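Below are the chains, spelled out letter by letter.
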Amino acid sequence: MSKFAPLAIFVILAWFLFDGLGRDTKKLPSPLIGKPFPNLMVEDFKTSDGYPTYSLFKDQVSLVNIWASWCVTCRAEHQMLMDIAKTNLVQMVGVNYKDTRKEGQVFLNRLGDPYDKIIFDQSGKLGLELGVYATPETFVVDGQGIIRDKHIGQLTPSIWKNRFLPLIQQLKISAKTNTPG
């Protein structure tokens, strides 16, 4: 073995570590951007009725938020979701992820319910299809059911104002003029 092999291995490892330091883990690329929202039969959180996810997105832009009562960051972002819901700019869809209905309802009773519709995903099947990395995660879905953006972590006023809101406004304009978003 060459006497330079340990040095070469060290340089390669150092490069990988250095390269990883500059990456924002909140901006993990999603292979679902530009693809249809997974079409599954899901269960309504409040009524337990089943319905296909495609029925949620007909001709309306939606903000889909993956949340759970046990998620500390979900609590921290919840007021932001309540503020967005008050604007009536977008359909709010919640996905109660790997939770119990009872604990989820206690969470909503305490903090408020910003959602127009809530999917109960106790088994995590929809979350798996969406590639949920951690809660909370938030998706922007257009009126044809196409995922247009994804954010991992707490939705902040800055992310809403500078990233999601302009996209939602663009998608609404595109839908009115029947041009792709």
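Scroll up to find the structure this text is about.
Residues numbered from 1 in each chain as written. Predicted model: local features only at pLDDT ≥ 70, side-chain atom pairs only at ≥ 80, totals over all residues. Heavy atoms only, no water.

Draft legend 1. Expanded view of the environment of Q169. Considering the arrangement of structural elements, one finds Q169 in helix α5 (residues 157-177). Residues Q169 and L89, spaced 80 residues apart in sequence, show a C-alpha to C-alpha distance of 8.5 Å. (Helix = DSSP H or I, 4+ residues; strand = E, 2+ residues; numbered from the N terminus.)

Draft legend 2. Representation of the nonpolar core in the model. Of all hydrophobic cores here, the largest spans 27 residues; its most connected members are L63 and W160. With seven residues, α5 is the single largest residue contributor to this core. When sequence neighbours within four positions are dropped, the list of residues in contact with W160 reads L63, M80, I84, L89, V90, L155, L165, P166 and I168. Listed in part, the 19 residues of the second largest apolar core include L56, V93, V132 and I147. (Core = buried A, V, L, I, M, F, W, Y, C linked by side-chain atoms within 4.5 Å. Buried < 20%, exposed > 50% of the residue type's maximum accessible area, 1.4 Å probe, protein only. Contact = heavy atoms within 4.5 Å.)

Draft legend 3. Up close: the packing of aromatic side chains. Tallied over the entire structure, the rule returns five aromatic pairs. Geometrically, the ring pair formed by F45 and F120 is edge-to-face, given 5.9 Å between the ring centres and 65 degrees between the ring planes. Taken together, the residues F45 in the loop between β1 (41-44) and β2 (50-52) and F120 in strand β5 (residues 117-121) connect sequence positions 75 residues apart. Cluster of aromatic residues (ring-pair linked, three or more members): F45, W67, F107, Y115 and F120. For the cation-ring pair, K117 lies above Y51, with the distance from its terminal atom to the ring centre recorded as 4.7 Å. (Phe/Tyr/Trp six-rings, centres within 6.5 Å; stacked < 30°, edge-to-face > 60°. Lys NZ or Arg CZ within 6 Å of the ring centre and 35° of its normal.)

Draft legend 4. Layout of the packing of helix α2 (residues 72-87) against helix α3 (residues 101-111). Running from amino to carboxyl end, α2 crosses α3 at an angle of 55 degrees, the nearest separation of the two axes being 11 Å. Our classification of the angle between α2 and α3 gives oblique. As for how α2 packs across α3, the hand of that crossing is right-handed. Of the residues in α3, those touching α2 at C74, R75, H78 and M82 are F107, L108 and L111. (Axes fitted to C-alpha atoms, helices over the stretch in contact; angles between N-to-C directions. Parallel < 35°, antiparallel > 145°, perpendicular 65-115°, else oblique. Left-handed = near helix turned anticlockwise from the far one by under 90°.)

Draft legend 5. Highlighting the sheet that holds strand β6 (residues 137-141). If you trace the seven strands from one edge of the open sheet to the other, you get β2-β1-β5-β4-β3-β6-β7, paired in mixed fashion. If you trace the sheet from one side to the other, it starts and ends with β2 and β7 (147-152), each paired once. Pairwise comparison of adjacent strand axes, ignoring direction, gives a mean angle of 30 degrees for this sheet. Here α2 sits on the sheet in contact with β3 (62-67), β4 (91-97) and β6, set at roughly 160 degrees to β3. Packing of α5 onto the sheet brings it into contact with β3, β6 and β7, and relative to β7 it is tilted by some 165 degrees. (Pairing = 2+ DSSP bridges.)

Draft legend 6. Structural context of the environment of A76. The topology assignment puts A76 in helix α2. In this structure A76 comes out as partly exposed when scored by relative accessible area, which is 47%. Taking C-alpha positions, A76 is 10.0 Å from P136, a pair spaced 60 residues apart along the chain.

That is the geometry; function is a separate question.
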